[in-house]
Amino acid sequence: MGNENGEWIIRGLAEDDPRALRSPQDVAAEVERLGLLPLFAGEVPGLSVEERTPSAWWWSDTADDPWYWREELAASGLVVYGKFFGGRAGFVSLECFPRFANVRRDGYDFDALYEDGKASHRCKRIMDCFESGGELPSYELKRLAGFGKGGEPNFEGTVTRLQMQSYLAIRAFRRRRNAQGREYGWPVAVYTPAERLVSPLLIAEAYREDPGLSAEMLLRRLESQLPGADRRALSKLIGGA
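Thresholds, definitions, all that
- Residues numbered from 1 in each chain as written.
- Predicted model: local features only at pLDDT ≥ 70, side-chain atom pairs only at ≥ 80, totals over all residues.
- Heavy atoms only, no water.
- Salt bridge = Lys/Arg side-chain N within 4 Å of Asp/Glu carboxyl O.
- Helix = DSSP H or I, 4+ residues; strand = E, 2+ residues; numbered from the N terminus.
- Buried < 20%, exposed > 50% of the residue type's maximum accessible area, 1.4 Å probe, protein only.
- Phe/Tyr/Trp six-rings, centres within 6.5 Å; stacked < 30°, edge-to-face > 60°.
- Lys NZ or Arg CZ within 6 Å of the ring centre and 35° of its normal.

(A) Expanded view of the pattern of salt bridges. Under the definition given, this model contains 20 salt bridges. One salt bridge connects R143 with E140, and the closest N-O pair in it is separated by 2.4 Å. Pair noted here: R143 and E140 are both in helix α6 (residues 138-144), with a separation of 3 residues, about one helical turn. E216 is the partner of R220 in a salt bridge, and the nearest nitrogen-oxygen pair spans 3.2 Å. Taken as a pair, R220 and E216 lie in helix α9 (residues 211-225) at a separation of 4 residues, close to a single helical turn. You can call E216 partly exposed: its relative accessible area is 23%. Taken together, the shared-partner salt bridges in this structure form one network comprising E216, R220, E223 and R231.

What follows is the structure, given as structure tokens:
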């Protein structure tokens, strides 16, 4: 997505282009094929939902709007969704996520990361809110973790960092409810530890592999599906640099 003269421009396909992804199911299948797929265009041309969907469908406020598809896919359990790519949103397949997590975490579970002084106390406050499992909408997580007015700063940046490190993912999007139980406002992200979406045993198993080898295996998968793509850009996407 580019910005031209203050206007956001979607760089997608024509509606009649046979290459277009036309449903959330198409997107899920593409994530499964590639292993990972950013939502918006980045440094790897063609590797995004934006570039593979009809431009006219974005921000159309219809069932065809890919912006709404991300909500459906996050809740589907078919893929893992979060801000994984340069602080921007995208998808990782269930199959590839354990290796992806091994790369992003450098083989650390969060407790070990914190004990080694490689995670901030702000990250710890957020992760502690999930000690008993479960999922939390962003506004509730912010309150429980002690962010906001008079508390810790930079909630959004801290949550994004935890997603980039693959410890958190977005499980769903939900609207708030008033005292009468009626929904209101825009849907907000509902966060959960990634281990609630992908088997903790599979993630722990991936820790046995050198993170560099995990990155190489993900890179080979992408290169096999994207001949000619820049290897350095693909490596950066996988590693989160």
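(B) Representation of the packing of aromatic side chains within the structure. The tally for this structure, following the rule as stated, stands at 15 aromatic pairs. Seen in terms of ring centroids, W58 and W59 are 5.5 Å apart; in terms of plane orientation they differ by 70 degrees. Their pairing is edge-to-face. Taking the centre distance of 5.0 Å and the plane angle of 40 degrees together, the rings of Y81 and F91 count as tilted. Here Y81, found in strand β4 (residues 79-85), pairs with F91, found in strand β5 (residues 88-93); they are 10 residues apart in sequence, far enough to count as distant. Residue Y81 is classed as buried on the basis of its relative accessible area, which comes to 3%. Judged by relative accessible area, which is 1%, F91 ranks as buried. Connected via pairs of aromatic rings, a cluster forms that spans F40, W58, W59 and W67. Positioned above the aromatic ring of F173, the side-chain terminus of R70 is 4.3 Å from the ring centre. A cation sits over an aromatic face here: R176 above Y139, 4.1 Å from the ring centre.

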